[in-house]
Amino acid sequence: RYPSVRLLHNPVRGIASARNTGLASVTSRFVIFLDGDDVLNPDAVACGLACMSANPGAGLVFGAYQLAGPRLEPLGEPRVNRIGPNGYHALLADNVVRMHATVMYDRAVLQGLGGFDPAVGRCEDYDMLLRVARTHRIASHPNVVAHYRQHGQNISGDSSAMLAWHQLVLDRNVPDPDDAEAMAAWQQGRANSSRAFANTVWKDRGAVSASAWKQRG
């Protein structure tokens, strides 16, 4: 039905390995990674290419996304996160991209960085975003390019694991100590992730976030 589509089988070796298998199989200049339960909008590629054209030399660009239910019914308003003047510092402070399918990469940049790191079991996308932004400019656009399906089985729903991996990724991407602004953003990022994920963990355990967090202190 789709002669231009190629199905690749990859042994169960983790998300990073699967992404690398796909990366090694393509020849296009730019590449987008789409998880199996999410959906790209019909104009996603065109929007990414337009942003790349407007930002020559960018290692990646990303757009907005729409949270959706199991049947793609919209949940709230579209999420638009603009990157600001310094993409590297912005990503150290917070993963403003949020949804990986909104990202279009320059394939040569990914290959030059050695692809995704299989040692990173989760948040491998955040690890790659930081590695690209450290050496290349990045850009964003306001167009909604993907639907992020929420169905109760999302990997990101495991808040305890996500907190641990998010902190590990930040620890693997400590900035140059001589870059005071980057170090301040990195420290802010660690604090932000602790607050965001830890409160969700307490909610998952049936506790009241604010009081439970105080009990830990």
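Preceding this paragraph is the structure being described.
This text gives an overview of the structure that appears in the document. Every value quoted in this text rests on a predicted model; they were computed, and no experiment measured them.

Glancing now at the overall build of the protein chain. In terms of regular secondary structure, the protein chain is built from 8 helices and 5 strands. For the protein chain, the α and β elements follow one another from N to C terminus as α-β-β-α-β-α-β-α-α-β-α-α-α. A fraction of 71% describes how many contacts in the protein chain between residues 6 or more apart in sequence connect residues 24 or more apart. Summed over all atoms, the accessible surface of the protein chain reaches about 11,700 Å², with 54% contributed by carbon and sulfur.

This paragraph deals with the state of the cysteines. Two cysteines, two sulfur atoms, one covalent bond between them: this is a disulfide. In this structure the tally under the stated criterion is 0 disulfides. No disulfide involves C51; its sulfur sits 9.2 Å from the nearest other cysteine sulfur, which is in C47.

Attention now moves to the pairing of strand β3 (residues 60–68). The buried fraction of β3 is high, at 9 of 9 residues. In the sheet, β3 pairs with strand β4 (residues 103–106) via 3 bridges, with the strands oriented antiparallel. By the bridge assignment, L60 is partnered in β4 with Y105. Sheet topology places β3 next to strand β5 (residues 138–149); 8 bridges connect them, and they run parallel. By the bridge assignment for β5, L67 is matched with Y148.

Thresholds, definitions, all that
Residues numbered from 1 in each chain as written. Predicted model: local features only at pLDDT ≥ 70, side-chain atom pairs only at ≥ 80, totals over all residues. Heavy atoms only, no water. Helix = DSSP H or I, 4+ residues; strand = E, 2+ residues; numbered from the N terminus. Contact = heavy atoms within 4.5 Å. Areas by Shrake-Rupley, 256 points an atom, 1.4 Å probe, with all protein chains shown as cover. Disulfide = S-S within 2.5 Å. Buried < 20%, exposed > 50% of the residue type's maximum accessible area, 1.4 Å probe, protein only. Pairing = 2+ DSSP bridges.

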